[in-house]
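Here is what each chain is made of, one letter per residue.
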Number of protein chains: 2
Amino acid sequence: MEQLYTVNQLAEELGITPRALRFYEVKGLLAPNRVGNNRVYTKRDRARLKLILRGKRLGFSLAEIREYLDLYNVDGGVEQQRNLLKRVQKRLKDLAQQREDLEATVCELKEIEVQVSTSLADRSPGKDA
Amino acid sequence: MEQLYTVNQLAEELGITPRALRFYEVKGLLAPNRVGNNRVYTKRDRARLKLILRGKRLGFSLAEIREYLDLYNVDGGVEQQRNLLKRVQKRLKDLAQQREDLEATVCELKEIEVQVSTSLADRSPGKDA
DNA sequence: CAGACCGTTGACGAAGACGTAAAGGGAAGC
DNA sequence: GCTTCCCTTTACGTCTTCGTCAACGGTCTG
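Calculation rules
Residues numbered from 1 in each chain as written. Chains lettered and ligands numbered in written order. Predicted model: local features only at pLDDT ≥ 70, side-chain atom pairs only at ≥ 80, totals over all residues. Heavy atoms only, no water. UniProt positions renumbered as here; feature names shortened; annotations may be inferred. Helix = DSSP H or I, 4+ residues; strand = E, 2+ residues; numbered from the N terminus. Least-squares fit on C-alpha atoms with pLDDT ≥ 70 in both. Contact = heavy atoms within 4.5 Å. Buried < 20%, exposed > 50% of the residue type's maximum accessible area, 1.4 Å probe, protein only. Arc of directions from axis to C-beta. Near = heavy atom within 4 Å. Polar contact = N/O pair within 3.5 Å; in protein donor to acceptor, adjacent residues only side chain to side chain. Nonpolar A, V, L, I, M, F, W, Y, C, P; charged D, E, K, R; others polar. Domains from an automatic or database assignment. Buried area = accessible area lost by both parts, 1.4 Å probe. Salt bridge = Lys/Arg side-chain N within 4 Å of Asp/Glu carboxyl O.

**Concerning the UniProt feature "domain: HTH merR-type" (unreviewed entry) in chain A**
Working step 1: UniProt annotation of "domain: HTH merR-type" (unreviewed entry) refers to residues 4–71 of chain A when read in the numbering used here.
Working step 2: Taken end to end, residues 4–71 of chain A comprises 60% helix and 9% strand; its first and last C-alpha atoms sit 25 Å apart.

Pasting the structure below:
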């Protein structure tokens, strides 16, 4: 019933190597079940992996992503939840900074784009007509 | 008249190490003037450095940041400008993807924040009153 | 039963981004 | 003149994130 994957299957589907998958496991980012000696990944593992990959695209290190994944463990006592809340809020703050950086960079690149575009249009007029 | 900096001054001001500054120079990201044997950084160098740091916060490698900085060289022949335009547009595309990832992550974290907050509020009612 | 595939662990390698120690030059203060 | 301080270069160390063998086990097929 439930969709399962081998290392190779899951790796190929998400466009990474099996080696990377095993590495993430060593680093504590994933913990697939075993059948005998072989890894078996569930949909949950897959979802977790997608979070990992998104974290990477955002430029986070595996250690940071590990912390980030911990934020999804909403269980725990009051003290733990307070702690979790703090970490979530810090992460949100970091992401806000990152968004600022992103917007600023996009703005500047768009300016350059316009500049270069018009410069090109001026040099070879009529090409756009 | 113009504000100048030594390695240590500039490093401290921007919260990095002098080692990093020299390293960026070796990697071709910075090219400060010399007075005798000593590096002297201008405001322009400082601005460039801030771009570098922003790139790092966005998760780019130094090599990518180097390319990015080259995008600011709007001079050059038509062929070069066409090339530049392409690179700018590719970079913008990458950043768009990154923005998507960013928004998705922020959304999820905010959900968690609400979840944990209300959970805490429920457990200790009246604390908020 | 041999070979073809998957899958496993382990060791070594490699690139990127610096940290850190070593050894020395120049100027400034006492 | 000697120390102190800042700066220099060179070189080696380190941590991360895998890639790349190497050597091995299990299973299926012919």
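Having seen the structure, we can now continue with the description.
**Details of the relation of the copies chain A and chain B**
Working step 1: Of the two same-sequence chains, chain A is brought onto chain B (RMSD 0.5 Å, axial shift 0.1 Å) by a rotation of 179 degrees. Each copy turns onto its partner about a two-fold axis. Considering only C-alpha atoms, the residue of chain A closest to the rotation axis is Gly59(A), which sits at 1.9 Å.
Working step 2: Interface overlap between copies: 100% of the residues of chain A at the interface are likewise at the interface in chain B, consistent with a symmetric, same-surface contact.

**Let's talk about helix H2 (residues 18–26) of chain B**
All names here are of chain B.
Working step 1: Here H2 has its buried residues at Ala20, Leu21, Tyr24 and Glu25. Projected down its long axis, H2 shows its buried positions confined to an angular sector of 145 degrees, all on one face. Of the exposed residues in H2, those oriented more than 90 degrees away from the buried face are Arg19 and Val26.
Working step 2: Where H2 is buried, its residues meet helix H1 (7–13), strand S1 (33–35), strand S2 (38–40), helix H3 (43–57) and helix H4 (62–70).
Working step 3: Immediately downstream of H2, the backbone of Gly28 shows phi near 80 degrees, a positive value.

**Structural notes on the protein's contact with DNA strand D**
Working step 1: With respect to spatial proximity, 17 residues lie near DNA strand D, and among them Thr17(A), Lys56(A), Thr6(B), Asn8(B) and Arg39(B) are the closest.
Working step 2: Counting only atoms of DNA strand D within 4 Å of the protein, the sugar-phosphate share comes to 67%.
Working step 3: Residue Tyr24(A) places a side-chain N or O atom 3.0 Å away from a phosphate oxygen belonging to DNA strand D.
Working step 4: Where the surface near DNA strand D is concerned, the elements lending two or more residues are helix H2 (18–26) of chain A together with H1, H2 and S2 of chain B.
Working step 5: It is H2(A) that contributes the most residues to the surface near DNA strand D, four residues altogether.
Working step 6: For the surface near DNA strand D, the class distribution of residues is five nonpolar, six polar and six charged.

**As for the side chain of Arg46(A)**
Working step 1: Position of Arg46(A) relative to the elements: it lies in helix H3 (residues 43–57).
Working step 2: For Arg46(A), the residues in contact, after removing those within four places along its chain, are Tyr5(A), Leu10(A), Glu13(A) and Leu14(A).

**Some thoughts on the domain arrangement of chain A**
Working step 1: Here the domain parsing of chain A yields domain 1 (1–58) and domain 2 (71–123).
Working step 2: Between the C-alpha centres of domain 1 of chain A and domain 2 of chain A the distance comes to 27 Å.

**Quick look at the interface of chain A and chain B**
Working step 1: Contact with chain A, which involves 42 residues of that partner, is made by 42 residues of chain B.
Working step 2: Between chain A and chain B, a total of about 4100 Å² is buried, with carbon and sulfur atoms accounting for 64% of that surface.
Working step 3: Of all residues in chain A, Leu102(A), Leu109(A) and Leu120(A) bury the most surface against chain B, accounting for 15% of the area lost on that side.
Working step 4: Where chain A touches chain B, the interface holds six salt bridges.
Working step 5: Between Arg99(A) and Glu103(B) there is a salt bridge, and its shortest N-O distance comes to 2.6 Å.
Working step 6: At the boundary of chain A and chain B, one finds 15 residue pairs in polar contact (both at pLDDT 80 or more).

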